[in-house]
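This is what each chain is made of:
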Amino acid sequence: MKRMVNRILPRFVAIFAVMGVLVFSGCSPAEEDHVAVEISIAAAASMTDALQEINALYMQENSWVTLSVNFASSGTLQKQIENGAPVDVFISAAPAQMNALEEGGFLVDSSRRNLLNNKIVLIVPSDSTLGLDSFMDLLDSGVVRIALGDPEFVPAGTYGKKALEILGIYDQLLPKLILGSDVRQVLGYVEGANVEAGIVYSTDAAITDGVVIVAEAPAEVNTLIVYPAAIIKGCQDIEAAQAYIDFLFGQEAAAIFAEYGFSLAEG
């Protein structure tokens, strides 16, 4: 019996020693097979809430991956990438900025995919008493200030301008426009009642009770809204970046995007 204990005891000691290392290190054997990697993401400001939740989930499921995100207007992010900012994955709120980077040779070949769709809407402060219910009502004398993302840099502003042009009222409204640096600034202007109305994505309006959607942009505009994603050349780990993008198209991410009003552009 004593000999059996002497043979078995060292084995148990060894097993518990290994288990102790795993417990205190917080790593499973599978996790130890991966090398720590950081993925730098540049994403449109309108994606902030949805992508933060998705990224938290991704890092929870892939503990060796760290995701760092810079949220800004797509035009600003485009310029940063062109000027050498260290970005692995870019998600734009419109094709135009991605087109420019693709034409400039900044994208990894065949990595570009259309990720999301969205809608442009007209919003007013939740306590507004002006009774606005259409874009044409912006011509009313009671509407003095209208917030819009700068069409030169902000896709929501570009789409908003196009909607006003289709309706034939852009030039008349030009003196009323207050331009924002990104769509979230526009949302803040309306939420704070600093303007009588604003033009944003429906997903932005959905995150606050401080605004009310009163109209949608013409279908000719909303059918154009696509968020493309791509890997930027110079990415240190293309395989890891691709795995992250693939996750964005998966069921878990799709469910979160849907909660915030987005829909996947691809199956």
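Quick caveat: nothing in here was measured; it's all calculated off a predicted structure. (Residues numbered from 1 in each chain as written. Predicted model: local features only at pLDDT ≥ 70, side-chain atom pairs only at ≥ 80, totals over all residues. Heavy atoms only, no water.)

*Asks:* Is there a simple way to explain the sheet that holds strand E1 (residues 37-44) in this structure?
*Replies:* Sheet strands line up and pair through hydrogen bonds in the backbone, either parallel or antiparallel. Strand order in the open sheet formed by 6 strands is E2-E1-E3-E10-E4-E11, with mixed pairing between adjacent strands. Every other strand in the sheet has two partners, leaving strand E2 (65-72) and strand E11 (263-264) as the edge strands with one partner each. Sheet topology places strand E3 (residues 89-91) next to strand E10 (residues 226-231); 3 bridges connect them, and they run antiparallel. By the bridge assignment for E10, Ile-91 is matched with Ala-229. (Pairing = 2+ DSSP bridges. Helix = DSSP H or I, 4+ residues; strand = E, 2+ residues; numbered from the N terminus.)

*Asks:* Help me out: how do you make sense of the environment of Asp-133 in this one?
*Replies:* Inspection of the secondary structure puts Asp-133 in the loop between strand E5 (120-125) and strand E6 (146-149). For the pair formed by Asp-133 and Ala-215, sequence separation is 82 residues and the distance between their alpha carbons is 6.0 Å. Apart from residues lying up to four places away in sequence, Asp-133 is in contact with Val-214 and Ala-215. (Contact = heavy atoms within 4.5 Å.)

*Asks:* Would you take a moment to explain the confidence of the model for the chain for this structure?
*Replies:* Any residue range with low pLDDT should be treated as having predicted coordinates unsuitable for detailed reading. Confidence in the prediction of the chain, expressed as mean pLDDT, is 90, and 87% of residues score 70 or more. Of the regions scoring below 50 in pLDDT, residues 1-30 engages in 7 contacts with residues more than four places distant in sequence or in other chains. (pLDDT = per-residue confidence, 0-100.)

*Asks:* Mind showing me how you'd approach the packing of helix H4 (residues 74-82) against helix H5 (residues 95-103) here?
*Replies:* The description of two packed helices rests on the angle between their axes and on the distance between the axes. Interaxial distance between H4 and H5 falls to 9 Å at its minimum, and their mutual angle equals 15°. The orientation of H4 with respect to H5, classified from their angle, is roughly parallel. Where H4 crosses over H5, the handedness of that crossing is right-handed. Facing Ser-74, Gly-75, Gln-78, Ile-81 and Glu-82 of H4, the residues of H5 in contact are Gln-97, Ala-100 and Leu-101. Here the residues of the contact of H4 with H5 are counted per class, giving 3 nonpolar, 4 polar and 1 charged. (Axes fitted to C-alpha atoms, helices over the stretch in contact; angles between N-to-C directions. Parallel < 35°, antiparallel > 145°, perpendicular 65-115°, else oblique. Left-handed = near helix turned anticlockwise from the far one by under 90°. Nonpolar A, V, L, I, M, F, W, Y, C, P; charged D, E, K, R; others polar.)

*Asks:* Whenever I open this one, the layout of surface pockets confuses me. Can you help?
*Replies:* Gaps left between atoms show up when a probe the size of a water molecule is rolled over them. Taken as a whole, the largest pocket holds about 190 Å³ of empty space. Forming the walls of the largest pocket are His-34, Val-35, Val-37, Tyr-58, Asn-62, Trp-64, Val-65, Asp-237, Glu-239, Ala-240 and Ala-243. Examining the composition of the lining of the largest pocket, we find that 3 residues originate from one element, helix H11 (residues 238-248), more than from any other. In the lining of the largest pocket, the residues fall into 7 nonpolar, 2 polar and 2 charged. (1 Å grid on protein atoms, 1.4 Å probe; cavity = no way out; pocket = protein on both sides within 12 Å on 5 of 7 lines; lining within 4 Å. Points joined across faces, edges and corners; volume = space filled by probe spheres on them.)

*Asks:* Got a minute to help me understand the pattern of salt bridges in this structure?
*Replies:* Pairing between side chains of opposite charge can happen when their charged atoms approach one another. If you walk through the whole model with that rule in mind, you get 7 salt bridges. With a shortest N-O distance of 2.7 Å, Glu-102 and Arg-112 are connected by a salt bridge. Of this pair, Glu-102 sits in helix H5 while Arg-112 sits in the loop between H5 and strand E4 (113-117), and the two are 10 residues apart along the sequence. Looking at Glu-102, the relative accessible area reads 44%, which means it is partly exposed. Classification of Arg-112 as partly exposed rests on a relative accessible area of 23%. Across the pair Asp-204 and Arg-184 runs a salt bridge whose closest N-O atoms are separated by 2.6 Å. Of the two residues, Asp-204 sits in helix H9 (residues 202-205) while Arg-184 sits in helix H8 (residues 183-191), which places them 20 residues apart along the sequence. We classify Asp-204 as buried; its relative accessible area is 0%. Within this structure, Asp-49, Arg-184 and Asp-204 form a network of salt bridges that share partners. (Salt bridge = Lys/Arg side-chain N within 4 Å of Asp/Glu carboxyl O. Buried < 20%, exposed > 50% of the residue type's maximum accessible area, 1.4 Å probe, protein only.)

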